[in-house]
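This is what each chain is made of:
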Amino acid sequence: MELGVYSFGDLLLDRSPGAAGRRLDALVRQARAADEAGLDVFALGEHHRPDYAVSAPEVVLAAIAATTRWIRLSTAVVVLSTVDPVRLMEQFGTLDQIAHGRAEITVGRGVFPESYRLFGYDLRDYEALFDEKVRLLLQLRDDPDKPWEGTFRAPLSDVWIGPRPAQERLPVWIGVGGTPESAVRAGTLGQPMFLALFTGPRDGTRLVDLYRRAGAEAGHDPAALRLATGGHMFVGRTSQGAREQFFPYYSRYFSAHPSFPGGMPRHVYDQWIAKGLLVGSPQQVVDGIMAHREVLGADRFVGQFDPGLPEDLADSSLELFLTEVLPVIKAETRAPGTAAAEPES
């Protein structure tokens, strides 16, 4: 099973001058530690708000590529509806060359709507924008010389779009929140799906079933229908200690979301943990991730390791994830007869 972490570089605890730079420096450092520990994936999301430092994930990922050797570099997610797929393909073709074949893209429609107004798109075109742009992105990857014409950008014919990625086929994951139509689209397109789950794997069974059924009906090889799951997580030394440490920061983190404008109440937090939110000791987090594999058949888990956390607490959680969760998951999911792979120093 592949494991990874993701971040949006939130600035909830520090809006002072230089805070964004310090946050980005920390992300590069944390990605380097993850690479050295043998983690599979490091991903960055995209927001265009004053409470997040990452608005251009491809730039930060390029900085990380220069200081890492093995870890795969992805997004979580690119808001594809409000970017040009041509430009995105050029950016990630460039990143993949810099990273020597380690880049991936996870695309989605985003949680917040600010990028629509910022880049001149109509929120009423929310569904149509994403559908057209994801199909164009896949064509640019798989058949870049083929002419294209759509609704939201100028036609393409006899143009060069490059550089091409170092990989023969740059992975494009479809990010899915809770929308059944998104899961069906991912399956119909035959692309791997990243499913965001915060309250445990059983809440994702219907979406995963829709994804696999749509893929099969479209004639795609079931082996190509890879599934990644992920969500918020916090690893502490003990179960109760982790719950108490994480709660005040996590509650405040949700104050930016319309679901809990005053912060997440404690009773909701406790309910989420009971359903499967990954907060606890290393063994509890191992058990939670293994449940994603056993219930949903996930072959990749990517957790947000720092939601609303100060840098030292994010570092502590990440260190426990790398040293006490990662090796156990790798040992439990390794194919029989295969030796453990360790990054070279």
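Preceding this section is the structure that the text describes.
These numbers come from a predicted model, not from an experiment.

Student: Please provide a residue-by-residue account of the side chain of H292, values included.
Tutor: The residue H292 is located in helix α10 (residues 282-296) in this model. Among the residues examined, H292 registers a relative accessible area of 2% and is labelled buried. In contact with H292, not counting residues within four places along its chain, are L197, P201, T229, G297, A298 and F301.

Student: Go over the packing of helix α1 (residues 19-37) against helix α2 (residues 57-65) with me, naming the residues and quoting the values.
Tutor: Look at α1 against α2: their axes get within 9 Å of each other, and the N-to-C directions meet at 45°. In terms of orientation, α1 and α2 fall into the oblique class. Two packed elements cross with a definite hand, and for α1 against α2 that hand is right-handed. Contacts between α1 and α2 involve L24, L27, V28 and A31 from the former and V60, A63 and I64 from the latter.

Student: Break down the layout of surface pockets for me, with residues and values.
Tutor: In this structure, the largest pocket encloses a volume near 820 Å³. Lining the largest pocket are 35 residues, and of these V111, V176, G177, A196 and F198 lie nearest its centre. Elements that contribute at least two residues to the lining of the largest pocket include exactly α5 (126-142), β6 (172-176), α6 (180-189) and β7 (193-196). Residues of the lining of the largest pocket, tallied by class, amount to 19 nonpolar, 12 polar and 4 charged.

Student: Give a description of the nonpolar core that names residues and reports values.
Tutor: It is characteristic of soluble globular proteins that their nonpolar side chains tend to be buried jointly. Grouped together as the largest cluster of nonpolar side chains are 101 residues, with contacts concentrated most on F42, I289 and F321. The element that contributes the greatest number of residues to this core is helix α11 (residues 311-333), accounting for 9 residues. Dropping the residues within four chain positions of it, F42 is found in contact with V5, L27, Q30, A31, A34, L61, I64, I71, R72, L73, S74 and F305.

Student: Explain empty space enclosed by the protein to me, and be specific about the residues and the numbers.
Tutor: With the rule as written, the count across this model stands at 3 cavities of 30 Å³ or more. Lining of the largest cavity is provided by Y6, V41, A43, S74, T75, A76, T106, W173, F194, A228, R300 and V302. The set of elements that each furnish at least two residues to the lining of the largest cavity consists of β2 (41-44), β3 (72-75) and β10 (300-304).

Student: Talk me through the packing of helix α8 (residues 239-253) against helix α9 (residues 266-275); I want residue IDs and the actual numbers.
Tutor: Close contact between α8 and α9 brings their axes to 11 Å; oriented N to C, the two are set at 130°. Considering their axes alone, α8 and α9 lie oblique with respect to each other. α8 and α9 meet at a crossing whose hand is right-handed. For the pair formed by α8 and α9, the contact residues are Q240, A242, R243, E244, F246, F247 and Y250 on the first element and R266, Y269, W272 and I273 on the second. The class makeup of the residues in the contact of α8 with α9 is 7 nonpolar, 1 polar and 3 charged.

Student: An account of unusual backbone geometry is requested, with residue identities and associated values reported.
Tutor: A cis geometry characterises the amide bond from A76 onward to V77, with omega recorded as 10°. G162 connects to P163 through a cis peptide bond whose omega is 5°. The phi dihedral of H100 falls on the positive side, at around 55°, and the residue is not glycine. Its location among the elements puts H100 in the loop between α3 (85-98) and β5 (105-108). The backbone phi angle of D158 is positive, close to 55°, even though this residue is not glycine. By the element assignment, D158 lies in the loop between α5 and β6. The exposed category is assigned to D158, whose relative accessible area is 78%.

Student: Outline the pairing of β6, supporting the account with residue identities and numerical values.
Tutor: Judged by how many residues are buried, β6 sits mostly within the fold: 5 of 5 residues are covered. Both β5 and β6 contribute to a ladder of 3 bridges, which runs parallel. Paired with I105 across the two strands is V172, which belongs to β6. Two elements, β6 and β7, share 3 bridges in a ladder whose sense is parallel. Bridging across to β7, G175 finds its partner in F194. In this view, the connection linking β6 to its parallel neighbour β7 by way of α6 has right-handed handedness.

Cut-offs and rules
- Residues numbered from 1 in each chain as written.
- Predicted model: local features only at pLDDT ≥ 70, side-chain atom pairs only at ≥ 80, totals over all residues.
- Heavy atoms only, no water.
- Helix = DSSP H or I, 4+ residues; strand = E, 2+ residues; numbered from the N terminus.
- Buried < 20%, exposed > 50% of the residue type's maximum accessible area, 1.4 Å probe, protein only.
- Contact = heavy atoms within 4.5 Å.
- Axes fitted to C-alpha atoms, helices over the stretch in contact; angles between N-to-C directions.
- Parallel < 35°, antiparallel > 145°, perpendicular 65-115°, else oblique.
- Left-handed = near helix turned anticlockwise from the far one by under 90°.
- 1 Å grid on protein atoms, 1.4 Å probe; cavity = no way out; pocket = protein on both sides within 12 Å on 5 of 7 lines; lining within 4 Å.
- Points joined across faces, edges and corners; volume = space filled by probe spheres on them.
- Nonpolar A, V, L, I, M, F, W, Y, C, P; charged D, E, K, R; others polar.
- Core = buried A, V, L, I, M, F, W, Y, C linked by side-chain atoms within 4.5 Å.
- Pairing = 2+ DSSP bridges.
- Right-handed = clockwise from strand over helix to strand, strands pointing away.

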